Amino acid sequence: MIDFTRRTLIKGGTAAAAAGALAGPALLEWAQAWAQAAPWKPEKNAQLALLRWKYFVQEEDDAFVALLDTFTKATGVKVIVARESFEDVQPKASVAANTGAGPDLVWGLYSVPHLFPQKCLEVTDVADYLGKKYGPWAPSAVTYGKSGNKWIDIPVCYTGSLMNYRISSLKKAGFSKFPTTTDEFLELAKATKKSGTPGGMALGHASGDGNTWAYWCLWAFGGNMVDKNDKVILNSPETEQALQWAKQMYENMIPGVASWNDASNNKAFLAGEIHWTNNGISIYTAARRDSTKADIADDMDHAYFPIGPVGKPTELHLMFPLLAMTHTKYPQACKALMAFMQEASEFNPWIEAAKGYLTPCLAAYDANPVWTSDPKRTPYRDVAKRSLSVGGLGSVGEKAASAVADFVLLDMFASYCTGREEAKGAIKIAERQLQRIYR
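Here the structure is a predicted model, which is why all the values come from computation and not from measurement. (Residues numbered from 1 in each chain as written. Predicted model: local features only at pLDDT ≥ 70, side-chain atom pairs only at ≥ 80, totals over all residues. Heavy atoms only, no water.)

Draft legend 1. Spatial organisation of the packing of helix α9 (residues 209-220) against helix α19 (residues 408-417). In contact at an axis separation of 9 Å, α9 and α19 are set at 80 degrees when each is read in the N-to-C sense. Judged on the interaxial angle alone, α19 and α9 are roughly perpendicular. For the pair α9 and α19, the contacting residues are G210, N211, A214, Y215, C217 and L218 in the first and L409, L410 and F413 in the second. (Axes fitted to C-alpha atoms, helices over the stretch in contact; angles between N-to-C directions. Helix = DSSP H or I, 4+ residues; strand = E, 2+ residues; numbered from the N terminus. Parallel < 35°, antiparallel > 145°, perpendicular 65-115°, else oblique. Contact = heavy atoms within 4.5 Å.)

In structure tokens, the structure reads:
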């Protein structure tokens, strides 16, 4: 662990809070001291290209740019950022891995690094450094971060996929709080449709919103894609039960969700077309930012996903891992940036700017005031601890990464809910796809 003088960073348990308060010349002075002491020395004339997902909260991206600017001033390493939609990050990362050319770093979704683990720079030293200083890491973050015994990416944060809802619409439908069971959730869907305040969840190729609720639903009813040995076990009564429940939900949602992407439910909610959905906190932050939407923000709140017949939480939240490609000419510069990003002086202001959209994977950041200054953000604080991984009972390697990237599970739900396939037919199609992936 790096030790700093009192002038640059207060030691002990208050380090995270103290560093987070630095700004202006003091922050730059701290960053320069960090660069001098850090074990990762950027290569001469290093310049990094970073591909990331397109932001949903403007203030988050502004803080990210400021963080990179501080890094550049402290190290001399310029970072050029390209932003792509959720759906486009994975294919562009795969092309870079296959061709050995493209961005040095990719900040993507779920288990993207596990699509090409051999093309990811080992970053065990960075993960150990951060874990010792700010940890422990959330259990699922370790699962996403490691391939075998080595770390192939740094889990930066999660975006929580929680239930966003209008308080007045619940009351109008006869509910005093958001449902805590799947049975109650279905009754809510029916009641809000009847009262003219329906909800909706994406069934199109929405990498975030669609995948998270489909995986949650399968697991909530006891279904699983694979067992602990990665043997495909999708074809089960539990999977069929999950599909039947989902179809009833679909029939009580707003029309059109089968074509929704990750931006669709945000737009529909802010337009007053839907009154509940699963999403990050971006709907709420957008409503707070827009004075014309203040009534929506005041009337909103957030809740965890209801619990199904399995009797325990089965949530899947969006993991955002940061990987460095083995083809980079500047591996030390990559590692320096990966570590710098999650130092308290940089990470605390970034988390606060994101207003609950980014949930850290390191325990020290639970104390950030962003989680308690507005109680509507508080549920998002714990999503890293609650989240399962896309591998379910199985591994989170290449195969699980392929299944989520190819929307195998989401397409199964969509094909049955929309009537394109009977339940058994939809399951068999998905089963064949999984058998090819997991062969």
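That shown, we press on.
Draft legend 2. Focus on the pairing of strand β6 (residues 154-159). Taken across its six residues, β6 has six buried, putting it largely inside the fold. Both β6 and strand β10 (residues 318-324) contribute to a ladder of five bridges, which runs antiparallel. Counted as the bridge partner of Y158 is M319 from β10. As defined by bridge partners, β6 adjoins strand β11 (residues 359-360) across two bridges and the pair is classed as antiparallel. Bridged to Y158 within β11 is T359. (Buried < 20%, exposed > 50% of the residue type's maximum accessible area, 1.4 Å probe, protein only. Pairing = 2+ DSSP bridges.)

Draft legend 3. Spotlight on the packing of aromatic side chains. By the definition in use, this model includes 30 aromatic pairs. Summarising the aromatic geometry, the rings of W216 and W245 are spaced 5.6 Å apart at their centres and angled 75 degrees between planes, so their arrangement reads as edge-to-face. Residue W216 is located in helix α9, and its partner W245 is located in helix α10 (residues 237-251); the two are separated by 29 residues in the primary sequence. Taken individually, W216 and W245 each receive the classification buried, so the pair is uniform in this respect. The structure contains a cluster of three or more aromatic residues connected by ring pairs, namely W53, F56, F64, F86, W107, Y134, F320, F347, W350, Y357 and Y365. Positioned above the aromatic ring of W53, the side-chain terminus of R52 is 4.2 Å from the ring centre. Seen from the ring of Y304, R386 lies directly overhead, with NZ or CZ sitting 3.6 Å from the centre. (Phe/Tyr/Trp six-rings, centres within 6.5 Å; stacked < 30°, edge-to-face > 60°. Lys NZ or Arg CZ within 6 Å of the ring centre and 35° of its normal.)

Draft legend 4. Structural detail: helix α15 (residues 344-354). The element α15 is extensively covered by neighbouring structure, given that nine of its 11 residues are classed as buried. Taken together, the buried positions of α15 are occupied by A344, S345, E346, F347, N348, W350, I351, A353 and A354. Following α15 by one or two positions, K355 adopts a phi angle in the positive range, close to 55 degrees.

Draft legend 5. Region of interest: the side chain of S140. By the element assignment, S140 lies in helix α6 (residues 139-145). Reaching out from S140, the side chain makes a polar contact with the backbone oxygen of A384 at a distance of 3.4 Å. (Polar contact = N/O pair within 3.5 Å; in protein donor to acceptor, adjacent residues only side chain to side chain.)

Draft legend 6. Examining the sheet that holds strand β9 (residues 300-303) more closely. The strand order across the open sheet formed by three strands is β8-β7-β9, and the pairing between neighbours is antiparallel. Two strands lie at the open edges of the sheet, namely β8 (276-279) and β9, each paired on one side alone. Mean inter-strand twist for the sheet, computed between neighbouring axes without regard to direction, equals 30 degrees. In this structure, strand β7 (residues 162-166) lies alongside β8, joined through four bridges in antiparallel fashion. Paired with L162 across the two strands is N279, which belongs to β8.

Draft legend 7. The arrangement of unusual backbone geometry in detail. A cis amide bond links G135 with the next residue in sequence, P136, at an omega value of 15 degrees. Mapping P136 onto the fold places it in the loop between α5 (124-134) and α6. In this model, N45 sits at a positive phi of 60 degrees, which is unusual for a non-glycine residue. Within the fold, N45 resides in the loop between α2 (24-37) and β1 (47-53). You will see that D230, though not glycine, has its phi angle at about 65 degrees, which is positive. Given a relative accessible area of 16%, D230 falls into the buried group.

Draft legend 8. View of the pattern of salt bridges. Taken as a whole, this structure holds 17 salt bridges when the rule is applied. As a salt-bridge pair, D69 and K73 come within 3.1 Å of each other at their nearest N and O atoms. Taken together, the positions of D69 and K73, both in helix α3 (residues 58-75) and four residues apart, correspond to about one turn of that helix. For D69, a relative accessible area of 38% translates into the label partly exposed. For D298, the salt bridge identified is with R288, shortest N-O distance 2.9 Å. With a gap of 10 residues between them, D298 in helix α13 (residues 294-299) and R288 in helix α12 (residues 282-289) connect regions that are remote in the sequence. The partly exposed category is assigned to D298, whose relative accessible area is 49%. (Salt bridge = Lys/Arg side-chain N within 4 Å of Asp/Glu carboxyl O.)

Draft legend 9. Here's a closer look at the sheet that holds strand β3 (residues 105-107). Pairing within the open sheet is mixed, and its six strands lie in the order β2-β1-β3-β10-β6-β11. The sheet is open, and its two edges are formed by β2 (78-84) and β11, each paired on a single side. Two strands pair when backbone bridges link them, and β1 and β3 are joined in this way by three bridges, in the parallel orientation. Bridged to L51 within β3 is V106.

Draft legend 10. Region of the structure containing the environment of F175. Tracing the backbone shows F175 in the loop between α7 (167-172) and α8 (182-194). Counting along the chain gives 12 residues from F175 to E187, while the straight-line C-alpha distance between them is 9.7 Å.

Draft legend 11. Local environment of α12. Where burial is concerned, most of α12 is hidden: six out of the eight residues are buried. The complete set of buried residues in α12 reads S282, I283, Y284, T285, A286 and A287. Buried-residue contacts for α12 involve β7, α11 (264-270), β8, α13, β9 and α15.

Draft legend 12. Up close: the side chain of D262. Within the fold, D262 resides in the loop between α10 and α11. Only 2.9 Å separates the side chain of D262 from the backbone nitrogen of S207, close enough to count as a polar contact. Polar side-chain contacts of D262 include one of 3.1 Å to the backbone nitrogen of G208. Here D262 is in contact with F56, F86, E87, A206, S207, G208 and D209, once residues within four sequence places are set aside.

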